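# Secondary and tertiary structure notes
Chain by chain, the residues run as shown.
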Amino acid sequence: MARGEHHRIHAQDRVQRNRLRIAQEAARLMSEHGIRDFHHAKLKAAERLGILDAQALPRNNEIEDALREHQRIFHAESQPQLLQERREAAIEAMRFLHAYEPRLVGTVLDGTADSHSAICLHVFSDDPEAVTLFLREHGVPVETQTRRLRTSRDEQAEYPVLLFAADQLPFDITVLPLDALRQPPLDRVDEKPMRRASLATVETLLAEGEEGDDFERKLAAALR
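Here's a quick rundown of the structure. Remember, predicted model here, so these are calculated numbers, not experimental data. (Residues numbered from 1 in each chain as written. Predicted model: local features only at pLDDT ≥ 70, side-chain atom pairs only at ≥ 80, totals over all residues. Heavy atoms only, no water.)

### Points about the side chain of D172
- Mapped onto the fold, D172 is located in strand β5 (residues 169-176).
- For D172, the side chain forms a polar contact with the side chain of R147, separated by 2.7 Å.
- What D172 contacts, discounting residues up to four positions off in sequence, is A118, I119, C120, L121, R147, V161, L162 and L163. (Helix = DSSP H or I, 4+ residues; strand = E, 2+ residues; numbered from the N terminus. Polar contact = N/O pair within 3.5 Å; in protein donor to acceptor, adjacent residues only side chain to side chain. Contact = heavy atoms within 4.5 Å.)

Quick look at the structure:
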């Protein structure tokens, strides 16, 4: 093997090792400190590890895989229960908000939810104030924010977000227009249309009592 080729392969191996190290550290930071932004987590992890090579920054899906592995190794007893509690609470909230066609999204749907995770729902109305009024009329104290979501690779839009707590669990409700039922925003992990589950889908999956890999396999099948 030529000397130059040997150096090239060695450099590639080093980059791959550093990508894995950063992904694992980012996963630890997300799990232990509640960081939810993949980009922030990977930059913080690289800084902590002293890795300055931009090529060594892992993709979001690599960090998500590392997070699942971290939870499997270090939180095998507690994380499934935390996830189950949030999925059950999501069902109650979706029944309550049925008039707004709620969809479950985020970590409670994909299975990586932990003690830091909010229950994230999308609801749909061309009058966002109607959702806020509905919650307040039912005695739910709501904090309002906005969030930018990518509607395509080149476009973003800003939507209202309603935050509240119920039974000591945080809820994060994004209010989207009715036509967004047909066109989900893009996922932050893989830039594909965001996975969302209807009330019926979540009820069916939980009724089967499946968790872990089998739950995710059935979820993927249900969302096709």
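### Some details on the environment of M194
- By the secondary structure assignment, M194 is in the loop between β5 and β6 (197-198).
- In sequence terms M194 and Q183 are 11 residues apart; their C-alpha atoms lie 9.1 Å from each other.

### Describing the packing of helix α4 (residues 79-96) against helix α7 (residues 199-207)
- Where α4 contacts α7, the two axes come as close as 10 Å, and the packing angle between them is 145°. For the element pair α4 and α7, the recorded crossing hand is left-handed. Only L199, V202, E203 and L206 of α7 make contact with α4, whose side of the interface consists of Q84, R87, E88, I91, M94 and R95.
- Here the contact of α4 with α7 is composed, by residue class, of 5 nonpolar, 1 polar and 4 charged. (Axes fitted to C-alpha atoms, helices over the stretch in contact; angles between N-to-C directions. Left-handed = near helix turned anticlockwise from the far one by under 90°. Nonpolar A, V, L, I, M, F, W, Y, C, P; charged D, E, K, R; others polar.)

### Looking at the environment of E191
- With respect to the helices, strands and loops of the structure, E191 is situated in the loop between β5 and β6.
- In this structure E191 comes out as partly exposed when scored by relative accessible area, which is 32%.
- Linking E191 and R153, residues 38 residues apart in sequence, is a C-alpha distance of 7.6 Å.
- Not counting chain neighbours up to four residues away, the residues in contact with E191 comprise R150, R153 and L186.
- Of the polar contacts made by the side chain of E191, one reaches the side chain of R150; its length is 2.9 Å.
- There is a polar contact of 2.7 Å between the side chain of E191 and the side chain of R153. (Buried < 20%, exposed > 50% of the residue type's maximum accessible area, 1.4 Å probe, protein only.)

### Points about the layout of surface pockets
- Estimated volume of the largest pocket: approximately 1,200 Å³.
- Looking at the largest pocket, it is lined by 40 residues, and the ones nearest its centre are F38, D187, R188, V189 and M194.
- Elements with a minimum of two residues in the lining of the largest pocket: α2 (38-49), α3 (60-74), α5 (107-110), β2 (119-124), β3 (143-150), β4 (156-166) and β5.
- Taken together, the residues that form the lining of the largest pocket break down as 14 nonpolar, 10 polar and 16 charged. (1 Å grid on protein atoms, 1.4 Å probe; cavity = no way out; pocket = protein on both sides within 12 Å on 5 of 7 lines; lining within 4 Å. Points joined across faces, edges and corners; volume = space filled by probe spheres on them.)

### Examining a negative patch on the surface
- Judged by side-chain charge, E85, E88, E92 and D167 come together as a negatively charged surface patch.
- By secondary structure assignment, the location of D167 is in the loop between β4 and β5. (Patch = residues over 30% accessible without salt bridge, like charges linked within 9 Å, V, L, I, M, F, W, Y side chains within 5 Å. Areas by Shrake-Rupley, 256 points an atom, 1.4 Å probe, with all protein chains shown as cover. Salt bridge = Lys/Arg side-chain N within 4 Å of Asp/Glu carboxyl O. Lys, Arg positive; Asp, Glu negative; His and termini not counted. Charge placed at Lys NZ, Arg CZ, Asp CG, Glu CD.)

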